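Below, each chain spelled out in residue letters.
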Amino acid sequence: MIFLPLNSRHDRKGFDCGDDDLNRWFSQVARQHKDRGVSSTFVAATDNKSAEILGYYAITVAELMNVDLPEQYRKRLPDKVPVFRLGRLAVSVRYKGQRIGESLLFDAIDRITRISQEVGDVGIVVNAKPSAIDFYKQYGFEQMSDHPLNLFLPI
């Protein structure tokens, strides 16, 4: 499995994760957001030439209010702090149960960690679906004070 930036070779319309909102965003919006500098989407594929997408995630930069962070991370930080937002993460229904989601998450964390060494940030934020909260928590994400579906992972 390889992780690549989304490009025109990838079959966005043929991707189905079982969630209409995530499918629609991926097929209709992901490429526009990349072209406009709103977010970047990365896909898992079997190799460089494969059009089939096993899963994807999108990341963008964001800003949080310090008071929304879990309490132990608030000290000595300004009122507004830079973070990366993991906006979406989805796995094709054909590949569920094969730990592709975990691999996508690890690639996102690794990519964000490398970028943050040059530009700075305090962590990763994800707005999880209720069914995904336990998935993120098992990898160290903590619920934030502003909303129970928002989770934070310090970098």
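Residues numbered from 1 in each chain as written. Predicted model: local features only at pLDDT ≥ 70, side-chain atom pairs only at ≥ 80, totals over all residues. Heavy atoms only, no water.

Peer 1: Explain the overall build of the protein to me, and be specific about the residues and the numbers.
Peer 2: Within the protein, the secondary structure is distributed over four helices and seven strands. Secondary structure of the protein in N-to-C order comes out as β-α-α-β-β-β-α-β-α-β-β. Its C-alpha atoms give the protein principal-axis dimensions of roughly 45 × 30 × 25 Å. Looking at the protein as a whole, 43% of its 155 residues qualify as buried. Counting only contacts in the protein whose residues sit at least 6 apart along the sequence, the fraction spanning at least 24 positions is 62%. Taken as a whole, the protein presents about 8,500 Å² of accessible surface, with 48% of it coming from carbon and sulfur. (Helix = DSSP H or I, 4+ residues; strand = E, 2+ residues; numbered from the N terminus. Buried < 20%, exposed > 50% of the residue type's maximum accessible area, 1.4 Å probe, protein only. Contact = heavy atoms within 4.5 Å. Areas by Shrake-Rupley, 256 points an atom, 1.4 Å probe, with all protein chains shown as cover.)

Peer 1: Any details on the pairing of strand S4 (residues 80-91)? Residues and values, ideally.
Peer 2: Looking along a regular strand, one sees the side chains alternate between the two faces of the sheet. Examined bridge by bridge, strand S3 (residues 55-65) and S4 share 11 bridges and lie antiparallel to one another. Counterpart to Thr-60 in the pairing with S4 is Arg-85. Bridge count for S4 against strand S5 (residues 123-127) is three bridges, and the pairing is parallel. Bridging from a neighbouring strand, Leu-86 pairs with Val-126 of S5. The handedness of the S4 to S5 crossover, carried by helix H3 (residues 100-119), is right-handed. (Pairing = 2+ DSSP bridges. Right-handed = clockwise from strand over helix to strand, strands pointing away.)

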